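What follows is each chain in one-letter form.
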Amino acid sequence: MKRIWVWTPALLWAAVLFAFSARPTLPADLEGGLDKIAHFVAFAVLGLLLACGALSWHMPIAWPVLLGLVYAASDELHQAF
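Enquirer: It is not clear to me how helix α2 (residues 34-56) should be interpreted in this structure. Could you clarify?
Expert: Look at α2: 33 Å from first C-alpha to last across 23 residues, which is about the 33 Å you get at 1.5 Å a residue. Listed in full, the buried residues belonging to α2 are Ala42, Phe43, Leu46, Leu50, Ala51, Gly53 and Ala54. The inward-facing, buried residues of α2 contact α1 (8-22) and α3 (62-80).

Here you go:
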């Protein structure tokens with residue numbers, strides 16, 4: 001049986017991103033392009049965690065890329081509301 005727990009860090013990080021996306025403002029004031037850098041780093045961490053889960057299951061690397069893109073799209077949709 002494949003170990004499901006290897007996906008736990010990615011799921012927890014996705015939950016953290018979701019919680020921050022639900023807030024109207026962040027706890028820190030990010031100006032001058034720092035918000036873009038923070039956004040990139042946050043999703044880079046998610047991508048790394050998804051890749052670790054996929055590699056431990058011997059999945060092609062296209063799967064975590066697809067999962068990350070789907071999550072990012074759903075996050076943008078979530079922020080629209």
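Still more ground to cover, so stick around.
Enquirer: Explain the nonpolar core here, please?
Expert: Note that soluble globular proteins tend to have their nonpolar side chains buried in a common cluster. One finds Val6, Trp7, Ala10, Ala14, Leu17, Ala42, Phe43, Leu46, Leu50, Ala54 and Tyr71 forming the largest nonpolar core, which totals 11 residues. Elements with a contribution of two residues or more to this core: α1 and α2. For this core, the leading source of residues is α2, giving 5 residues. If we skip the residues at most four places from it in the chain, Val6 touches Gly53, Ser56 and Trp57.

Enquirer: Any chance you could explain α1 here in plain terms?
Expert: Because the α-helix completes a turn every 3.6 residues, residues three or four places apart line up on one side. With 15 residues, α1 ought to run about 21 Å at 1.5 Å a step, and its terminal C-alpha atoms sit 21 Å apart, in line with that. For α1, every residue scored as buried is listed here: Ala10, Ala14, Leu17 and Ser21. Projected down its long axis, α1 carries its buried residues within an arc of 60°, all on one side. Along α1, exposed side chains directed more than 90 degrees from the buried face belong to Leu12 and Ala22. Those residues of α1 hidden inside the fold are in contact with α2 and α3.

Enquirer: Which parts of the structure should I look at to understand the side chain of Asp75?
Expert: Here Asp75 is to be found in helix α3. Of the side chains with opposite charge, Lys36 lies nearest to the buried Asp75, which makes no salt bridge, at 11 Å. Every residue in contact with Asp75, bar those within four places of it in the chain, is listed here: Leu17, Ser21 and Phe43.

Conventions used here
- All residue numbers here refer to positions counted from 1 along the written sequence of the relevant chain.
- Thresholds applied to this predicted model are a pLDDT of at least 70 for local features of residues and 80 or more for the giving and counting of side-chain atom pairs; totals over whole chains, interfaces and linings are not thresholded and use all residues.
- Side-chain metrics in this entry use all non-hydrogen atoms of the structure; hydrogen atoms and water are not considered.
- For helices the rule is a DSSP run of H or I covering at least 4 residues; for strands it is a run of E covering at least 2, with both sets numbered from the N terminus onward.
- Multiplying one less than the number of residues by 1.5 Å gives the expected span of a helix.
- When a residue's accessible area, from a 1.4 Å probe over protein chains only, is under 20% of the maximum for its type it is buried; when over 50% it is exposed; and in between it is partly exposed.
- Contacts are residue-level and defined by heavy atoms, with any inter-residue pair within 4.5 Å sufficient.
- As used in this record, nonpolar core signifies buried Ala, Val, Leu, Ile, Met, Phe, Trp, Tyr and Cys residues forming a set joined through side-chain atoms within 4.5 Å.
- As used here, the arc is the angular range of directions from the helix axis to the C-beta atoms.
- When charges are counted, Lys and Arg contribute as positive and Asp and Glu as negative, whereas His and the chain ends are disregarded.
- Should a side-chain nitrogen of Lys or Arg be within 4 Å of a carboxyl oxygen of Asp or Glu, the pair is scored as a salt bridge.

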